[in-house]
Amino acid sequence: MEPNASLIDAIAITEPRKASLYFDIKRNTLDDGPGIRSVVFFKGCPLSCTWCQNPESINTGYELSFDAEKCIGCKDCGDACPEQAIDFSSPDKIIRDKCTQCFKCVEVCPSGALERCGNDIDMDRLVDKVLEDEAFFEASGGGVTVSGGEALMQMESVGELFARLKEKDVHTLIQTAGLFNYKTFESLVLPYTDTIYYDLKLIDSDAHKQYCGVPNRSIIENFKKVQALALESVIEVLPRVPLVPFITDTDENLNGIADLMHENGVTKMQILPYNPIWLDKLPRFGGVQRLDFGERTGKFMPDVEIERCTAIFESRGIHVHCH
């Protein structure tokens, strides 16, 4: 067993939480699977990637978001807060260790600068909402995608949602970072899943722990299991690699991932070029930037770098699609 892996294994074998929480539902998307799709973003993630595109998804509980650019300075929120957790002299405005997530400030905010992140799911309402676009799913070959965070932290909800969607013959897709209880997944979710988009970030376990908060042993083991099912045509699996400058996009890391894919019969995959939008989201939740690689931190990835990364996988005969 890897050093300090016991905690991660404990996370991976924990039963899925029964109280489900989502932070967004997007309809009519074209970038989260085939066709026109609805995407349900579940809250909570066992990873803590330093470049997380959805930092609001990591915490498993409710959160308060403050967007300083929307604030009009009315100070109604300060009057409404029973915990005196709003300090107008502070850049963040929110004293996070005082906030009890009562969201009274959200109720009085006229500009939408303060928002609640995290909503309980009523399954009947959720199914009805995503099926509003059922005609578009049928016409385009689309369906419903679950993402996060890590949707497979809430497998009971994902399994129930997918089971009810399959009754309507709706295509189902999971976007996952791979740290989940495989036996529970096999029982609750796999029978109703058509496609998995499986993110692989770093091949070296120590580096994975450094930048994502956890070792990657369970993630790689789960990948091998679902990829074996893909080779048997039980399910479709599309491996994906997010490209982060100097971290995941190095020749050493990409060659290691490419070897893993080649050894497990992968013939197509996707790369996700670096996107700096996470930098704007962090301050809204009191987050602190933990990653800085110079001027490239705030820039999109140039085409020449994307081409270099693509060539590494294609040299193994793996067809690459760039998101």
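The preceding data block contains the structure.
Before going into details, it helps to say that this report is about the structure given with it. None of these values were measured; they are calculated from a predicted model.

What the protein chain contains, in helices and strands, is twelve helices and eleven strands. The dimensions of the protein chain, computed from C-alpha atoms along their principal axes, are 60 × 50 × 40 Å. Here the protein chain holds 323 residues, and the buried ones make up 51% of them. Sequence-distant contacts, at least 24 apart, represent 73% of the contacts inside the protein chain between residues at least 6 apart. Counting every atom, the protein chain has about 15200 Å² of accessible surface; 49% of that belongs to carbon and sulfur.

Right, let's get into helix α12 (residues 303-314). Every α-helix winds through 3.6 residues per turn, so residues three or four apart in the chain are directed the same way. End to end, α12 covers 16 Å across twelve residues, agreeing with the expected 16 Å (1.5 Å per residue, within 8%). By the burial criterion, the buried members of α12 are Glu-305, Ile-306, Cys-309, Thr-310, Ile-312 and Phe-313. Each buried residue of α12 lies within a common arc of 150° when the element is viewed along its axis, so the set occupies one face. The exposed set on the far side of α12, more than 90 degrees from its buried face, consists of Asp-303, Val-304 and Glu-307. Taken together, the buried residues of α12 touch β9 (236-242), α10 (251-263), β10 (268-272) and β11 (319-322).

What follows concerns the environment of Ala-151. Residue position: Ala-151 is located in the loop between β6 (143-147) and α6 (155-166). Residue classification places Ala-151 among the buried positions, given a relative accessible area of 0%. Considered as a pair, Ala-151 and Ile-174 are 23 residues apart in the sequence and their alpha carbons are 7.6 Å apart. Dropping the residues within four chain positions of it, Ala-151 is found in contact with Phe-42, Val-146 and Val-158.

Once that is clear, we can look at the side chain of Asp-32. Structurally, Asp-32 can be placed in the loop between β1 (21-29) and β2 (37-42). The buried charged residue Asp-32 lacks any salt bridge, with Arg-240 as its nearest oppositely charged partner at 5.7 Å. In this structure the side chain of Asp-32 is engaged in a polar contact, spanning 3.4 Å, whose partner is the side chain of Thr-29. Within the structure, the side chain of Asp-32 is placed 3.1 Å from the side chain of Gln-175, a separation counted as a polar contact. The contact partners of Asp-32, leaving out residues within four places of it in the chain, are Arg-37, Val-39, Thr-145, Leu-173, Gln-175 and Tyr-197.

Another aspect to go through is the environment of Thr-29. If you trace the backbone, Thr-29 turns up in strand β1. With a relative accessible area of 12%, Thr-29 lands in the buried category. Put simply, Thr-29 and Thr-145 are 116 residues apart on the chain and 9.8 Å apart in space, counted from C-alpha to C-alpha. In contact with Thr-29, other than residues within four places in its own chain, are Gly-35, Ile-36, Arg-37 and Val-39.

A few words on the pattern of salt bridges. Counted according to the given criterion, the structure contains 17 salt bridges. Note that Glu-63 is salt-bridged to Lys-43, the shortest N-O span being 2.7 Å. Residue Glu-63 is located in strand β3 (residues 63-66), and its partner Lys-43 is located in the loop between β2 and β3; the two are separated by 20 residues in the primary sequence. Like Glu-63, the residue Lys-43 is buried in the burial classification. In this structure, a network of salt bridges that share partners links the residues Asp-249, Asp-251, Arg-296, Glu-305 and Arg-308.

Another aspect to go through is the packing of aromatic side chains. Tallied over the full model, the rule gives six aromatic pairs. Measuring from ring centre to ring centre gives 5.8 Å for Tyr-182 and Phe-185, while their planes differ by 50°; the resulting arrangement is tilted. You can see Tyr-182 and its partner Phe-185 sitting in helix α7 (residues 182-188), three residues apart, about one turn around the helix. Overall, the relative accessible area of 0% leaves Phe-185 in the buried class. Ring centres 6.2 Å apart and planes at 65° place the aromatic pair Phe-246 and Phe-293 in the edge-to-face group. In this pair, Phe-246 is assigned in the loop between β9 and α10 and Phe-293 in the loop between α11 (278-281) and α12, connecting sequence segments 47 residues apart.

What follows concerns the packing of helix α4 (residues 123-130) against α6. Running from N to C, α4 and α6 cross one another at 50°; their axes reach a closest spacing of 11 Å. Viewed along their axes, α4 and α6 adopt a mutual orientation that is oblique. Every pair of crossing elements has a handedness; the one defined by α4 and α6 is right-handed. Judged by residue contacts, Met-123, Asp-124, Leu-126, Val-127 and Val-130 of α4 engage Ser-157, Glu-160, Leu-161, Arg-164 and Leu-165 from α6. A breakdown of the residues in the contact of α4 with α6 according to their chemical character gives six nonpolar, one polar and three charged.

About the cut-offs
- Residues numbered from 1 in each chain as written.
- Predicted model: local features only at pLDDT ≥ 70, side-chain atom pairs only at ≥ 80, totals over all residues.
- Heavy atoms only, no water.
- Helix = DSSP H or I, 4+ residues; strand = E, 2+ residues; numbered from the N terminus.
- Buried < 20%, exposed > 50% of the residue type's maximum accessible area, 1.4 Å probe, protein only.
- Contact = heavy atoms within 4.5 Å.
- Areas by Shrake-Rupley, 256 points an atom, 1.4 Å probe, with all protein chains shown as cover.
- Expected span 1.5 Å × (residues − 1).
- Arc of directions from axis to C-beta.
- Lys, Arg positive; Asp, Glu negative; His and termini not counted.
- Salt bridge = Lys/Arg side-chain N within 4 Å of Asp/Glu carboxyl O.
- Polar contact = N/O pair within 3.5 Å; in protein donor to acceptor, adjacent residues only side chain to side chain.
- Phe/Tyr/Trp six-rings, centres within 6.5 Å; stacked < 30°, edge-to-face > 60°.
- Axes fitted to C-alpha atoms, helices over the stretch in contact; angles between N-to-C directions.
- Parallel < 35°, antiparallel > 145°, perpendicular 65-115°, else oblique.
- Left-handed = near helix turned anticlockwise from the far one by under 90°.
- Nonpolar A, V, L, I, M, F, W, Y, C, P; charged D, E, K, R; others polar.

Fair warning: the whole summary comes from geometry, so function is off the table for now.
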